[in-house]
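# Close look at the chain arrangement
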Amino acid sequence: MEKAGNLTNKLTGEVIRVHNIRKHPAAARGKTVWVDDDGNAYYKVGINSDHPLYSLEVDEPYRTALRIGAQLAKARHDKKLSTRDICQMTGINHSNLSLLERGERPPSLITVVRLASVLGLELNLMPAK
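Presented here is a report on the structure given in the accompanying data block. (Residues numbered from 1 in each chain as written. Predicted model: local features only at pLDDT ≥ 70, side-chain atom pairs only at ≥ 80, totals over all residues. Heavy atoms only, no water.)

### So, helix α3 (residues 94-101)
Formally: In this scheme, a residue with accessible area under 20% of its type's maximum is buried, one over 50% is exposed, and one in between is partly exposed, where area comes from a 1.4 Å probe on protein chains only. Only DSSP runs of H or I reaching four residues or more are called helices, and only runs of E reaching two or more are called strands; each is numbered from the N terminus. Arc, as used here, means the arc of the directions from the helix axis to the C-beta atoms. Contacts: residue pairs with any heavy atoms within 4.5 Å of one another.
Among the residues of α3, Leu-97, Leu-100 and Glu-101 are the ones counted as buried. The buried residues of α3 occupy one face: seen down the axis, they fall within an arc of 95 degrees. In this structure, the buried side of α3 is in contact with α1 (60-78), α2 (83-90) and α4 (109-119). Among the residues trailing α3, Gly-103 stands out with phi positive, at a value near 80 degrees.

Below you can see the structure in the form of structure tokens.
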């Protein structure tokens, strides 16, 4: 999933469109950096970071993946289940589960159904407002 969003300069109000990229010269040791259309990298700017100069607002698909991942991780912790337990119960690969919980990969519907069943979560699709 492409992670994209807008950086807002807290001093000037300038909004900069950015994408999260792993294969950039400024991305050290496999970490990702936010990069604008001109190739400029922005360091230590994160979703919940308290950066002195920039605030970051990510696009909706990535926000949704983060929210779902956080809810899945919380439900797993509340049930005192390890990721290994969940993988054995659902057949989901451990690395995929880890990516899902961190919001790095959006889950498929079948994966959500499997996890909801094991974690005792109710699925509710509501019309958009």
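There's more to say after this.
### Some remarks on the packing of aromatic side chains
Heads up, the condition is: Side-chain rings of Phe, Tyr and Trp (the six-membered ring for Trp) are treated as a pair once their centres are within 6.5 Å; stacked means planes under 30 degrees apart, edge-to-face means over 60, and tilted covers the remaining angles.
Inspection of every chain in the model, using the stated rule, returns 1 aromatic pair. Residues Tyr-42 and Tyr-54 carry aromatic rings whose centres are separated by 5.3 Å and whose planes lie at 80 degrees to one another, so their mutual orientation is edge-to-face. A residue pair is termed long-range when its members are at least 10 positions apart, and Tyr-42 in strand β4 (residues 41-42) and Tyr-54 in strand β5 (residues 54-58) qualify at 12 residues. This pair shows no difference in class: Tyr-42 is buried, exactly as Tyr-54 is.

### Here's the deal with the layout of surface pockets
Definition in use: Only protein atoms enter the 1 Å grid used here. Points where a 1.4 Å probe fits but cannot escape make up a cavity, open sets with protein on both sides within 12 Å along at least five of seven lines make up a pocket, and a residue lines them when an atom lies within 4 Å of a point. Grid points are joined across faces, edges and corners, and a volume is the space filled by probe spheres set on the points. Residue polarity is assigned by list, with Asp, Glu, Lys and Arg as charged and Ala, Val, Leu, Ile, Met, Phe, Trp, Tyr, Cys and Pro as nonpolar; anything else, Gly included, falls into the polar class.
Estimates place the volume of the largest pocket at around 520 Å³. At the level of elements, α1 and α4 are the ones that each hand at least two residues to the lining of the largest pocket. Per-element accounting of the lining of the largest pocket gives the leading share, 5 residues, to α1. A breakdown of the residues in the lining of the largest pocket according to their chemical character gives 8 nonpolar, 3 polar and 2 charged. In this structure, the second largest pocket encloses a volume near 320 Å³. Lys-31, Thr-32, Val-33, Lys-44 and Val-45 are the residues nearest the centre of the second largest pocket, which is lined by 18 residues in total. Per-class residue counts for the lining of the second largest pocket are 10 nonpolar, 3 polar and 5 charged.

### Looking at unusual backbone geometry
Positive phi is not limited to glycine here, since Lys-80 has a value of about 55 degrees. Along the chain, the position of Lys-80 falls in the loop between α1 and α2.

By themselves, these observations are geometric and do not establish any function.
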